[in-house]
Amino acid sequence: MRRLTEIPPTAGLPPRLSDLLASRRDLAGALSAQLGVDNALVTCSGTAALMLALRVAQQRQPRRDIVVVPAFTCPLVAIAVRALGLRLRIADLAHDRLDIDLDSLRAQLDERVLAAVPTHLGGRVTDVAAVNRLVAGSGIVVIEDAAQSLGATIEGRSIGLAGDVGFFSLAAGKGLSTYEGGVTIARDPSWLEAMEALQNALPKQAAFERRRCVELIGYTLLYRPLPLRWAYGSPLRRALKHSDPVGAIGDRFPMEVPLHRMGAWRQGVGANAAHRLPQFLDARRRCALSRIDRLRAIPGVHVFTDRNGERGTWPTLLVRMDSAHRRDAVLDRLWTSGLGASRMFIHALPDYIELRDIVPRQQCPNALDLAARTLTISNSPWLRDEDFEAICQVLEAS
Ligand SMILES: *Cc1c(COP(=O)(O)O)cnc(C)c1O
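Quick notes on the rules
- Residues numbered from 1 in each chain as written.
- Predicted model: local features only at pLDDT ≥ 70, side-chain atom pairs only at ≥ 80, totals over all residues.
- Heavy atoms only, no water.
- Helix = DSSP H or I, 4+ residues; strand = E, 2+ residues; numbered from the N terminus.
- Buried < 20%, exposed > 50% of the residue type's maximum accessible area, 1.4 Å probe, protein only.
- Contact = heavy atoms within 4.5 Å.
- Pairing = 2+ DSSP bridges.
- Near = heavy atom within 4 Å.
- Polar contact = N/O pair within 3.5 Å; in protein donor to acceptor, adjacent residues only side chain to side chain.
- Areas by Shrake-Rupley, 256 points an atom, 1.4 Å probe, with all protein chains shown as cover.
- Nonpolar A, V, L, I, M, F, W, Y, C, P; charged D, E, K, R; others polar.
- Phe/Tyr/Trp six-rings, centres within 6.5 Å; stacked < 30°, edge-to-face > 60°.
- Lys NZ or Arg CZ within 6 Å of the ring centre and 35° of its normal.

> Tell me what's going on with the side chain of arginine 212, and back it up with residues and numbers.
You can see arginine 212 is positioned in helix H7 (residues 206-222). Judged by relative accessible area, arginine 212 falls into the buried class, the value being 9%. Once residues within four sequence positions are removed from consideration, arginine 212 is found in contact with Tyr179, Glu180, Pro258 and Arg266.

Set out below in structure tokens:
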């Protein structure tokens, strides 16, 4: 029977119409209380947060102009580096892990390197302490990309505080959403102050903010299983029919990154929704943990989980198959099924044609392998147990 609903690929916090009343005001305050920090800076996107952090890094280290990022990450990270006139270097991931490979990272470091960007992928916690040890005393800034992992902790503390700066994304589908948005935290308040000063100097862009308000209203109305069939599922199926997987998961971004301040109304909407976030993350965690064993019992299937001291979030279950062929066979059946199975990013950075002028040609076999063998299973509250079981049966039959 044809489904009438579409499960979103990640567990976004379901918006409520009443959020639009924006009765609360203080998004930064709500999030800093949840994250256990004194201050947080709200930005217009995660990418904007990264750019502001890199600008401050440059103010402090004007002779450095290179940023090292993992070879498997969001294309927007590469675009942000380019938009600032900085140069990108990539480091491979560690074999069969989501952490950056320390030898590969070390090989990219020299006195021109401004920043390294360890990245918490898919809700999992990456080992920032290892990167800190590697760059200790070198003057290289460590920026934690926690775009996908708002709410994750290490040893009971929010991620984002082990490096110099950490940022989270509030984009559509990334947990808490203001349609586009970001939030930054830092151990040393001078980082947030410097970033805020840069942000306050940005032009107002009232027309652009109005557009974002309309988009947030649209998101609030459409982010539910029935309308998502049309708003998310149809374009996805159309793109895949035209053999455009990059378009299908929305991995193709403009080279211009909008930089402005998030308006007060959208911050209020976000603050209303943020109120429900801790409970939501707890429920998603219980659901994910209850499903992992079923997946693990399937031969050739690996699920990425937390290590000692880590407590990640669960937007998806990130699954690695034993072969690229098998991953592709599974997605052939599942990707267009409406069940929320998808991919995190289509390629490792060197394989995006769109980024060929930005990303250096470099060997990164582990990142390529991860891109080829992983898929994501949505951990949305709308994915029922019988839907999950249907996904498991496709994995088993492959
Ligand atoms: C989404 C994402 C970003 C960019 O965040 P936006 O809020 O979409 O600008 C950066 N890094 C990673 C790993 C991401 O997934």
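Having seen it, we continue.
> Go over the sheet that holds strand E6 (residues 153-154) with me, naming the residues and quoting the values.
Pairing is antiparallel across the open sheet formed by three strands, whose spatial order is E7-E6-E11. The open sheet is flanked by strand E7 (157-158) and strand E11 (310-311), the only strands paired with a single partner. As judged from the two bridges shared by E6 and E11, these two strands associate in the antiparallel manner. Looking at the pairing, threonine 153 lines up with arginine 311 of E11.

> Hey, could you go over the site of the ligand for me, with residue numbers and the actual values?
Taken together, 16 residues lie around the ligand, and Gly46, Thr47, Asp145, Ser169 and Lys174 are the ones closest in. Side-chain polar atom of aspartate 145 to a nitrogen atom of the ligand: 2.6 Å apart, as the coordinates give it. For the ligand, the accessible surface in isolation is 380 Å², of which the surrounding protein chains cover 94%. Taken together, the residues that form the shell around the ligand break down as six nonpolar, eight polar and two charged.

> I'd love a proper account of the side chain of threonine 119, names of residues and values included.
Here threonine 119 shows up in the loop between strand E4 (113-116) and helix H5 (128-135). Look at threonine 119 and you get buried, because its relative accessible area is 6%. Of the polar contacts made by the side chain of threonine 119, one reaches the backbone oxygen of valine 117; its length is 2.9 Å.

> Give me the packing of aromatic side chains: which residues, what numbers.
Summed over all chains, the structure comprises four aromatic pairs. For the pair tyrosine 179 and tyrosine 219, a centre-to-centre distance of 6.2 Å together with 70° between the ring planes defines the contact as edge-to-face. Of this pair, tyrosine 179 sits in the loop between strand E8 (165-169) and strand E9 (182-185) while tyrosine 219 sits in helix H7, and the two are 40 residues apart along the sequence. Relative to tyrosine 223, the ring of tyrosine 219 lies with its centre 4.9 Å away and its plane at 35°, an arrangement referred to as tilted. Residue tyrosine 219 is classed as buried on the basis of its relative accessible area, which comes to 9%. Among the aromatic side chains, those forming a connected cluster through ring pairs are Tyr179, Tyr219, Tyr223 and Trp382. Residue placement shows arginine 60 over the ring face of tryptophan 191; its charged tip is 4.5 Å from the ring centre.

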